[in-house]
Amino acid sequence: DAGVTQSPTHLIKTRGQQVTLRCSPKSGHDTVSWYQQALGQGPQFIFQYYEEEERQRGNFPDRFSGHQFPNYSSELNVNALLLGDSALYLCASSWGQGVQPQHFGDGTRLSIL
Amino acid sequence: GESVGLHLPTLSVQEGDNSIINCAYSNSASDYFIWYKQESGKGPQFIIDIRSNMDKRQGQRVTVLLNKTVKHLSLQIAATQPGDSAVYFCADEAPNQAGTALIFGKGTTLSVSS
């Protein structure tokens, strides 16, 4: 039973560039959430997708956007990268919109030079 | 806004001891809480969860206690092992009809020495 998988594992970009991160949810899950984790901090909620729509959004600028595909996989896009976007980006999946634990992948480490 | 925080940033214990990690939350409307374990270079791993209509829940070697009166949550780990060394986060699910965002605290680093 495959868990949440994310790609790539590491990525280096320069300021102003754009990046796309990918996530495949755990088998049987249909809801995908994205989190940003700065070094030494807890994850911060970016947004959540369900039925291919953004259902909830955290306090992140419009430079952060996403998409969910019919197979429930998801992408996180970040435009006009800033040095402060350097972080671990985590994807979590769960089933439905009720009270269910979210299961995390191991993340994509994004470094901005 | 909502915040979920932990009382201590670090906790050091001896192998075999029981560990207690604490967490305070601020949103009295919070109705679901989760403990995660995060090892270096990995994503958060689900440990145990509890809903607000319960005050205690037990798993394998772990127990979560919820005190809604003082908005306090704790994770107890019995017979702590070196493999338990990690950063532990509590997270609160913010009630929202549109989605289910998790609000995390800053974490407690547990170090187990043998």
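As a reminder, the structure under discussion sits directly above these lines.
The rules behind these values
Residues numbered from 1 in each chain as written. Chains lettered and ligands numbered in written order. Predicted model: local features only at pLDDT ≥ 70, side-chain atom pairs only at ≥ 80, totals over all residues. Heavy atoms only, no water. Helix = DSSP H or I, 4+ residues; strand = E, 2+ residues; numbered from the N terminus. Buried < 20%, exposed > 50% of the residue type's maximum accessible area, 1.4 Å probe, protein only. Polar contact = N/O pair within 3.5 Å; in protein donor to acceptor, adjacent residues only side chain to side chain. Contact = heavy atoms within 4.5 Å. Salt bridge = Lys/Arg side-chain N within 4 Å of Asp/Glu carboxyl O. Disulfide = S-S within 2.5 Å. 1 Å grid on protein atoms, 1.4 Å probe; cavity = no way out; pocket = protein on both sides within 12 Å on 5 of 7 lines; lining within 4 Å. Points joined across faces, edges and corners; volume = space filled by probe spheres on them. Nonpolar A, V, L, I, M, F, W, Y, C, P; charged D, E, K, R; others polar.

Visitor: What am I meant to see in the side chain of A:D85 here?
Guide: Residue and element names in this part refer to chain A. On the secondary structure map, D85 appears in the loop between β8 (74-78) and β9 (87-94). Overall, D85 belongs to the buried group, its relative accessible area being 4%. Looking at D85, its side chain comes within polar contact range of the side chain of R63, at 2.9 Å. With sequence-adjacent residues up to four places away left out, D85 is seen in contact with Q36, R63, F64, V78, A80, L110 and I112.

Visitor: Any chance you could explain the pattern of salt bridges here in plain terms?
Guide: Residue and element names in this part refer to chain B. The full count for this structure, using the stated rule, is six salt bridges over all chains. Of the charged contacts, one joins R61 and D84 as a salt bridge, the two residues approaching to 2.9 Å between their closest N and O atoms. One end of the pair, R61, is in the loop between β6 (56-58) and β7 (62-67); the other, D84, is in the loop between β8 (72-77) and β9 (86-93), and 23 residues separate them in sequence. The exposure class of R61 is partly exposed, given its relative accessible area of 31%.

Visitor: Explain the state of the cysteines here, please?
Guide: Chemically, a disulfide is nothing more than a covalent bond linking the sulfur atoms of two cysteines. Residue and element names in this part refer to chain A. Taken as a whole and judged by the stated rule, the model has two disulfides over all chains. The side chain of C23 participates in a disulfide bridge whose partner is C91; the two sulfur atoms lie 1.8 Å from each other. The sign of the -60° torsion about the S-S bond sets the C23-C91 disulfide as left-handed. Of this pair, C23 sits in strand β3 (residues 19-24) while C91 is found in strand β9, placing the two residues 68 residues apart along the sequence. Like C91, C23 is buried.

Visitor: I would appreciate a short explanation of the layout of surface pockets in the present structure.
Guide: A water-sized probe rolled over the atoms picks out the places where empty space is left. In this structure, the largest pocket spans a volume of roughly 380 Å³. Every residue lining the largest pocket is counted, 23 residues in all, and those nearest its centre are A:Q37, A:L88, A:R109, B:Q38 and B:G41. Where the lining of the largest pocket is concerned, the elements lending two or more residues are β11 (108-112) of chain A together with β9 of chain B. Tallied by class, residues from the lining of the largest pocket come to six nonpolar, 12 polar and five charged. By volume, the second largest pocket is sized at about 310 Å³.

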